Amino acid sequence: AGKRGVQAAVTALQKALEARGDAKTKAWFEAYLKHVIPYRGLKLPMVRQVMLEWFERGGYVEVDRAVVRKLFESKWSEDKTAGILLLEKCGTGLEITDIDFVGSVFNDKLVFDWSTTDWLCMKVLATLIRTHGAEAAERIAAWRSSTYLWKRRAACVAFVSGAKFGDRDPNFPGYVDVSLRAALAAVRSSERFLQTGCGWLLRELHRAEPLRIESFLRTHIACFSAEGLRYATEKMPAAQQSALRAHRAAHVVDGAADGAADGAADGA
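Quick summary incoming for the structure in this document.

Conventions used here
- Residues numbered from 1 in each chain as written.
- Predicted model: local features only at pLDDT ≥ 70, side-chain atom pairs only at ≥ 80, totals over all residues.
- Heavy atoms only, no water.
- Helix = DSSP H or I, 4+ residues; strand = E, 2+ residues; numbered from the N terminus.
- Rg over C-alpha atoms; globule rule 2.2 N^0.38 Å.
- Buried < 20%, exposed > 50% of the residue type's maximum accessible area, 1.4 Å probe, protein only.
- Contact = heavy atoms within 4.5 Å.
- Areas by Shrake-Rupley, 256 points an atom, 1.4 Å probe, with all protein chains shown as cover.
- Lys, Arg positive; Asp, Glu negative; His and termini not counted.
- Charge placed at Lys NZ, Arg CZ, Asp CG, Glu CD.
- Salt bridge = Lys/Arg side-chain N within 4 Å of Asp/Glu carboxyl O.
- Axes fitted to C-alpha atoms, helices over the stretch in contact; angles between N-to-C directions.
- Parallel < 35°, antiparallel > 145°, perpendicular 65-115°, else oblique.
- Left-handed = near helix turned anticlockwise from the far one by under 90°.
- Nonpolar A, V, L, I, M, F, W, Y, C, P; charged D, E, K, R; others polar.

Focus on the overall build of the chain
Point 1. Looking only at helices and strands, the chain has 15 helices and zero strands in total.
Point 2. A compact globule built from 268 residues would reach a C-alpha radius of gyration of about 18 Å, and the chain, at 20 Å, matches this within 12%.
Point 3. When burial is assessed residue by residue, the chain has 52% of its 268 residues classed as buried.
Point 4. A separation of at least 24 residues holds for 70% of the contacts in the chain among residues at least 6 apart in sequence.
Point 5. Carbon and sulfur atoms provide 53% of the accessible area of the chain, an area that totals close to 12300 Å².
Point 6. Positive and negative side-chain charges of the chain, numbering 38 and 32 respectively, have mean locations separated by a distance of 2 Å.

Considerations on the pattern of salt bridges
Point 1. Under the counting rule described, the total for this entry stands at 21 salt bridges.
Point 2. When the shortest N-O distance is used, the salt bridge between glutamate 88 and lysine 123 registers 3.5 Å. Residue glutamate 88 is found in helix H5 (residues 77-90), and its partner lysine 123 is found in helix H7 (residues 114-141); the two are separated by 35 residues along the sequence.
Point 3. Between glutamate 204 and arginine 207 there is a salt bridge; the shortest N-O distance is 2.8 Å.
Point 4. In this structure glutamate 204 comes out as buried when scored by relative accessible area, which is 8%.
Point 5. Look at the salt bridges and you will find they share partners, linking Arg203, Glu204, Arg207, Glu234 and Lys235 into a network.

Thoughts on the packing of helix H12 (residues 210-219) against helix H14 (residues 238-249)
Point 1. Between H12 and H14, the least distance of the axes is 10 Å, while the angle of their chain directions is 25°. Taken as axis vectors, H12 and H14 run roughly parallel relative to one another. With respect to the hand of their crossing, H12 and H14 are arranged in right-handed fashion. From H12, Glu214, Leu217 and Arg218 reach across to H14, where they touch Gln240, Ala243, Leu244 and His247.
Point 2. The residue makeup of the contact of H12 with H14, split by class, is three nonpolar, two polar and two charged.

A few points about unusual backbone geometry
Trans peptide bonds make up most of the peptide bonds, and negative phi angles are found at most residues other than glycine.
Point 1. Note the cis peptide between aspartate 169 and proline 170, where omega equals 10°.
Point 2. If you check the backbone angles, lysine 34 has positive phi at about 60° while not being a glycine.
Point 3. If you trace the backbone, lysine 34 turns up in the loop between helix H2 (23-32) and helix H3 (44-57).
Point 4. Phi at histidine 35 takes a positive value of approximately 60°, unusual for a residue other than glycine.

What is shown is where atoms sit, not what they do.
Here it is, written out as structure tokens:
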């Protein structure tokens, strides 16, 4: 579609989303996200329903990346979510080049909150890793060196949904190695959203590789904020959690890691 066709399609979807907005839902989400992004007032199932109705009504056959891009350019959370759900609709039809497409969305700072980042990871980037294996995983994990916070978080969170399988099918041999490289880069930062992203990933990896993840935690314990460690150990036995907290207390001077993390933005 040409530029006019793309804009017309996007405008039609945005109008349909706006029509379904609810004031109470809008207020709840905006408060929950600390007012970092505006909402129209739709929950995820309704965004999906509106998007599917629009897709069918428009007679679309393929997902136009130009439409998705325009949705990400919108200030509204639900518009960005609709873009994510459109990409999700591609399923295993997502192409390796879509990694660069998603990367450009981060590079242009069109994603700037933890919620949109995490949905994009779980519904698009995780599928790209499952579909294209090690090549996709390495390219996404390389985002760990990005200067943009949310792209760096994505380098971790993209591996969360597959982490419980470790290196077993449907993953590829080496999935855990790639994941841990992303986790290590994240935990070396005091940024709260990198600490929690790393902790979330380690918590899921622990289901597949408990001894290896405990070793990782002990080796890098001084890098963890209290919150990051809590995320990582949440599903461990209480005694193991206590032992790791004590190990951290012996290696962190005057709560330095906590102080740095506490200065980061609220959320997650």
